[in-house]
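Single-letter residue listing:
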Amino acid sequence: SLWADLADLADEAVAAPQWRALLDDAGERASRPTPLPAGLRADLRPYQVEGFGWLAFLWRHQLGGILADDMGLGKTLQCLALVQHVTEQLRPDEPRRPFLVVAPTSVAPNWVTEAARFTPGLTVRRLSATDAASTTSVAEAAAGADLVITSYALLRLDFDAYQAIALNS
């Protein structure tokens, strides 16, 4: 409705094709939910399905957003569902780029465990040491991975190495 109000006020209003697609998709989002990915090994609760749908909508339109609720309600699972969804949507000619999860050091192992449990088809790599101290570089870990998990401290220390790899965004 905001676009309609603007168009009424303007002498001329031409919406970009991406904007028009976003508006059309936003209007249909509730009636056309995103199917859960085939490789997801979990029964999502209705609010988790809605959260996954929201993430898929944001992804489809290359928008950023926030998924926030109380602890223990499955945000990790919803994010893993999105990674699985995006991975399954890749065409053979598209480059494979990993998603990057930056988490507290104490939470990073949980991401690995949850990914193995709910999305066993994903290739997951956890970085637990700096580039200088590890036998595997950030670039080597990212190559062929669907999901790279690191900590805030390691991202800060090896920022240039992370910035040099092509990631899903």
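Going along each chain's sequence as written, the residues are numbered from 1 onward. With pLDDT at 70 or above as the cut-off, local features in this predicted model cover only qualifying residues; side-chain atom pairs require 80 or more to be listed or tallied, and sums for whole chains, interfaces and linings still use all residues. Side-chain descriptors were evaluated using all non-hydrogen atoms of the structure, hydrogens and water having been removed beforehand.

A. Molecular detail of the packing of aromatic side chains. Classification of ring pairs uses Phe, Tyr and Trp, with its six-membered ring standing for Trp, and accepts pairs whose centres are within 6.5 Å; under 30 degrees between planes counts as stacked, over 60 as edge-to-face, and the remaining range as tilted. In this structure the tally under the stated criterion is two aromatic pairs. Relative to F99, the ring of W59 lies with its centre 5.3 Å away and its plane at 45°, an arrangement referred to as tilted. Here W59 is found in helix α3 (residues 46–60), whereas its partner F99 is found in strand β1 (residues 99–103), with 40 residues between them in sequence. Buried residues are those whose accessible area, probed at 1.4 Å on protein chains only, stays under 20% of the maximum for their type, while exposed residues exceed 50% and partly exposed ones sit between those limits. On the basis of relative accessible area, F99 is assigned to the buried category, the value being 12%. Each helix is a run of H or I in the DSSP string that is no shorter than four residues. Each strand is a run of E no shorter than two, and both are numbered from the N terminus.

B. Layout of the pattern of salt bridges. Basic side-chain nitrogens of Lys or Arg form a salt bridge, by our definition, when they fall within 4 Å of a carboxyl oxygen of Asp or Glu. As enumerated under the stated definition, the model contains two salt bridges in all. Residue D93 pairs with R91 through a salt bridge whose shortest N-O separation is 3.4 Å. In this structure, D146 and R96 form a salt bridge, with 2.9 Å as the shortest nitrogen-oxygen distance. Linking D146 in the loop between α6 (138–142) and β3 (147–151) with R96 in the loop between α4 (75–89) and β1, this pair joins segments that are 50 residues apart in sequence. Exposure remark for D146: the relative accessible area of 3% places this residue in the buried category. The exposure class of R96 is partly exposed, given its relative accessible area of 43%.

C. Just α3, in detail. Expected helix span is computed as 1.5 Å times (number of residues minus one). In this model α3 runs 21 Å from its N-terminal to its C-terminal C-alpha over 15 residues, within 8% of the 21 Å that 1.5 Å per residue would give. Within α3, the full set of buried residues consists of Q48, G51, F52, G53, L55, A56, F57 and L58. Note on α3: the residue one or two positions beyond its end, Q62, has a positive phi of about 55°.

D. Spotlight on unusual backbone geometry. With a phi close to 55°, Q62 is a non-glycine residue in the positive phi region. Residue position: Q62 is located in the loop between α3 and α4. Assessed through its relative accessible area of 74%, Q62 is described here as exposed.

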